[in-house]
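An overview of the molecular structure
Here are the chains, one letter per residue:
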Amino acid sequence: MMDDEFDVIVIGGGGAGLAAAVSAAEDGASVLLFESERELGGSTQLSAGLFTAAGTSVQRALGIEDSPDKFFQHYMDLNQWVLRPGLIHAFCENAGPTLEWLIGLGLEVPAAVSGNAHQPGLTRAGVEDVWRGHVPKDQGYGLVQVLAGAARAHGVEVVLGTRVERLLVQEGRVAGVVADGIDMPAEAVVVASGGFAQDPGFVDRYFPDAREAGESLFVVAAPGSRGDHLRFAEAAGASLTGHGWGLLMPTVYFQRYHHWQSGFPPASRIHVNPQGRRFMDEDASYAVSTGILDQHGGYGWMIFDEKARTGLAPGYTDWTAERVAEEAAAGRTVRAGSWDELAAAIGVPAAALRTSIDRWNAELPAGQDTEFRRHVSLAAKGVTEPLDPIETGPFYAARILPAELVCTHTGLEIDARAAVLDTTGAPVTGLFAAGEAGGGVLGQRYVGGGNAVANALTMGRIAGRSAALASRTLSNAQGR
């Protein structure tokens, strides 16, 4: 461990931490970055790298007119205006410039229409009126590599496999950190240590809704998402915000991995509620789908037929023909020879189920969905072939519920400069936060794919700049 005093210490080497470190170094600060794991990247590296932003060069190249103000209005409306407008406006205003900054560092985001989060280009992120999901080449891994290269180029000192134990607080200001039992002084500290999805105790305390999934719950966040920012809060007198918020994606009960490992459910499927009625667009964005499930008892049934099962692509862990057959043989996925038998097995009215199936079969294979407009969602994904009817027995029903824990939203309360606030609302001198560790941007409604990555990198960049400025200000005040 080095003995030099650094201007800025960054805790966390994921997207937020790397963005903070690079931006602080660009502004002339000497930067030390601690990462608790053995490699950089965090949850950003595990993601598709999708980045939500408005008014970008990618949008303009495709003839799309958009602006940060439109993004802000959509963001606030979706979250029912419970978020701090000033903070959200700062995020929306800076997301586009942050994407351009990343492109300038070498990130590739082609000006092409994309049908999903794994096809580079511009895609539909959620339920926005204009598309704002920017998919980079090489996904989240590519993002991390671009930022890691920039960190090396700017002389950022990186320490891997070292977990910061606590903050140094001196005379009312944060003055560094303690790691490996050694005091490491700094003039400003950025907490970008990720969320707390990998700590069951913190999940129980700050995101109890996740426990409603029971044994079906699985976590896709990075191993380092252990809630260190929550442990730091008390020592710094910091305020927390976002209690009870996080992103749970709906999945069937047997899924245990994110979709690029688990595979995808069949396109020809119908979701029905406990009353046997279809209740949603089966391809609805996870910006809203969990909320829809909440309004119908917290779960539903995903129903498909034998043709759909046998048509599943091989090579995945969960959604394969063989895995579904195994689940059915074990009695965990319901399998029945008729609609009436299936209805009885899952405890829904047979007449309601048959009505739902008949209506689905009359419209979706013809390319229309007058009730839920799924044809719009399918078109956004580039699906042009008509769906097969759900009519070939045996029939299957698997319970679907919010069970994939992606990110958590309780964090250190920050302002538009990414400065951490104390319980009175005043900034904690010398302390900044970003990403999942910085609360107040990720709200009760996740606006769509790329919200977390855009938040991490945008607020990380702001935090780094703010920390560098705070360092210069302190040095000047002390005559250094």
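Residues numbered from 1 in each chain as written. Predicted model: local features only at pLDDT ≥ 70, side-chain atom pairs only at ≥ 80, totals over all residues. Heavy atoms only, no water.

If you look the chain up in an unreviewed UniProt entry, it shows as FAD-dependent oxidoreductase from Nocardia flavorosea. Here is the UniProt Cofactor (unreviewed entry) comment for the chain, exactly as written: "FAD". (UniProt positions renumbered as here; feature names shortened; annotations may be inferred.)

Remarks on the UniProt feature "domain: FAD-dependent oxidoreductase 2 FAD-binding" (unreviewed entry) in the chain
The sites that UniProt annotates as "domain: FAD-dependent oxidoreductase 2 FAD-binding" (unreviewed entry) are residues 7-453. Helix makes up 32% of residues 7-453 and strand 22%, whereas the separation of the span's terminal C-alpha atoms amounts to 26 Å. (Helix = DSSP H or I, 4+ residues; strand = E, 2+ residues; numbered from the N terminus.)

Here's the deal with the packing of helix α1 (residues 15-26) against helix α16 (residues 451-477)
Contact geometry for α1 and α16: axes closest at 7 Å, N-to-C directions at 35 degrees. As for the relative orientation of α1 and α16, their crossing is right-handed in sense. Of the residues in α16, those in contact with Gly15, Ala16, Ala19, Ala20, Ser23 and Ala24 of α1 are Ala456, Leu457, Gly460, Arg461, Gly464, Arg465 and Ala468. Of the residues assigned to the contact of α1 with α16, the class counts are seven nonpolar, four polar and two charged. (Axes fitted to C-alpha atoms, helices over the stretch in contact; angles between N-to-C directions. Left-handed = near helix turned anticlockwise from the far one by under 90°. Contact = heavy atoms within 4.5 Å. Nonpolar A, V, L, I, M, F, W, Y, C, P; charged D, E, K, R; others polar.)

Focus on the domain arrangement of the chain
What the domain assignment lists for the chain is domain 1 (6-245 + 409-478) and domain 2 (251-404). Here domain 1 and domain 2 have C-alpha centroids that lie 35 Å from each other. Between domain 1 and domain 2, the contact holds 23 residues from the first and 21 residues from the second. For the pair domain 1 and domain 2, the summed buried surface comes to about 1,600 Å²; carbon and sulfur atoms form 61% of the total. Counting the surface domain 1 buries against domain 2, the share from its top three residues, Arg124, Ser216 and Phe218, is 35%. Viewed at the interface, domain 2 and domain 1 are joined by zero salt bridges. At the surface where domain 1 touches domain 2, the tally comes to five residue pairs in polar contact (both at pLDDT 80 or more). Looking at side-chain class alone, the side of domain 1 that touches domain 2 contains 12 nonpolar, eight polar and three charged residues. (Domains from an automatic or database assignment. Buried area = accessible area lost by both parts, 1.4 Å probe. Salt bridge = Lys/Arg side-chain N within 4 Å of Asp/Glu carboxyl O. Polar contact = N/O pair within 3.5 Å; in protein donor to acceptor, adjacent residues only side chain to side chain.)

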